[in-house]
Amino acid sequence: MTETMTWLQAIVLGAVQGLTEFLPISSSAHLRIISEIWFGDDAGASFTAVTQLGTELAVLIFFAKDIWRIVGAWFAGLRDRTRRGLDYRLGWYVILATIPIGVLGFVFKDQIRTAGRNLWLVAIMLILFSFVFLAAEYVGTRERPLEKITRRDALVMGAAQCLALIPGVSRSGATASAGLFVGLEREAAFRFSFLIAIPAVLASGLFSLKDVFEPVGEGLAASGPQIAVATLIAFVLGYVSIAWLLKFVSHHSMVWFATYRVALGLLVIVLLQVGAIAA
């Protein structure tokens, strides 16, 4: 029997979603971990996907000028070859980078909602991908701004975004690391990471909307008002997180986030090992 979500759970998890969605620490992992530690239950993949609509609205507003310019340039370029500049190419790059996760997300949607939420897997992914972040910082030349992004860069980052289907990896962490590996500046990598997340997250949230009230597989059943409040909280805190992160990564590396991820992953493993929480 599916349990009903409480208002406290909805508010806390909405806040967690907003604070962690854009940081390379995995919002899905934090929602899963905090749900288990604090409430002894799993909010569910559908709840995560729907509240992400709030954080994606924050992206749409924060990057509204960029998005409007890119969309306008893309349509203009379709009609007139002489107007195919950077923004036109960025429009195509976002489309190309979205295709892989769209296909895999649909094919493996059932596994994402069930086996993929195992806390052993979450903890291991938190730790393993911390070293990917460190490798990206060490190997990446960070010499090319967003204006120098190529189709190859977009395809590599789009492929990396597929890893975000696994809780514990982090969408922004995986895609930004891929951007660093191909030589993009850190801020450019994160900016393009946010742009390519928009279609995928919006599609995932809308697709999961029908399931959040009656979860398929694991998950708590939330009411309409609870979803609305959680999504609003996620939007407000998500907007603040974007502004903070872009300023932070312009002067600091992802080593800070990697260190935190390793510590959290080890904590979860210890709690699982001693039986304090269930996987």
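Nothing here was measured: the structure is a model prediction, and the numbers come from that model.

How each quantity is defined
- Residues numbered from 1 in each chain as written.
- Predicted model: local features only at pLDDT ≥ 70, side-chain atom pairs only at ≥ 80, totals over all residues.
- Heavy atoms only, no water.
- Axes fitted to C-alpha atoms, helices over the stretch in contact; angles between N-to-C directions.
- Helix = DSSP H or I, 4+ residues; strand = E, 2+ residues; numbered from the N terminus.
- Parallel < 35°, antiparallel > 145°, perpendicular 65-115°, else oblique.
- Left-handed = near helix turned anticlockwise from the far one by under 90°.
- Contact = heavy atoms within 4.5 Å.
- Salt bridge = Lys/Arg side-chain N within 4 Å of Asp/Glu carboxyl O.
- Buried < 20%, exposed > 50% of the residue type's maximum accessible area, 1.4 Å probe, protein only.
- Phe/Tyr/Trp six-rings, centres within 6.5 Å; stacked < 30°, edge-to-face > 60°.
- UniProt positions renumbered as here; feature names shortened; annotations may be inferred.
- Nonpolar A, V, L, I, M, F, W, Y, C, P; charged D, E, K, R; others polar.

Next up on the list: the packing of helix α7 (residues 119-139) against helix α12 (residues 255-273). Between α7 and α12, whose axes approach to 8 Å, the crossing angle comes to 155°. Classified by the interaxial angle, the pair formed by α7 and α12 is roughly antiparallel. Crossing handedness for the pair α7 and α12: left-handed. When α7 is examined against α12, the residues L119, W120, A123, M125, L126, I127, F129, S130, F133 and L134 are found in contact with a partner set consisting of V255, A258, R261, V262, L264, G265, L266, V268, I269, L272 and Q273.

To continue, consider the pattern of salt bridges. Counted under the stated rule, the structure contains nine salt bridges. In this structure, the salt-bridge partner of E36 is R32, at a minimum N-O distance of 3.1 Å. One end of the pair, E36, and the other, R32, are both in helix α2 (residues 27-39), four residues apart, so they sit about a helical turn from each other. For the pair E36 and R32, a shared accessibility class is recorded, and that class is buried. Between D153 and R144 there is a salt bridge, and its shortest N-O distance comes to 2.8 Å. Assessed through its relative accessible area of 19%, R144 is described here as buried.

Our next topic: the packing of aromatic side chains. Counting across every chain of the model gives nine aromatic pairs. Each member of the aromatic cluster is reached from another via a ring pair, and the members are F22, F62, F63, F194 and Y239.

Glancing now at the environment of G14. Mapping G14 onto the fold places it in helix α1 (residues 7-20). With relative accessibility at 0%, the residue G14 sits in the buried group. Discounting residues that sit within four places of it in the chain, G14 has contacts with A230, I233 and A234.

Attention now moves to the UniProt feature "transmembrane region" (unreviewed entry) in the protein chain. Mapped onto this structure's residue numbering, the UniProt feature "transmembrane region" (unreviewed entry) falls at residues 90-108, 120-139, 188-207, 227-246 and 258-278. Between the C-alpha atoms that bound residues 258-278 the distance is 25 Å, and the span itself is 76% helix and 0% strand.

At their nearest, the axes of α1 and α2 sit 9 Å apart, and the two run at 150° to each other. By the criterion of interaxial angle, the relationship of α1 to α2 is roughly antiparallel. Regarding α1 and α2, the two cross each other, and that crossing is right-handed. On α2, the residues touching L8, Q9, V12, L13, V16, Q17 and T20 of α1 are S27, H30, L31, I34, S35, W38 and F39. A breakdown of the residues in the contact of α1 with α2 according to their chemical character gives eight nonpolar, six polar and no charged.

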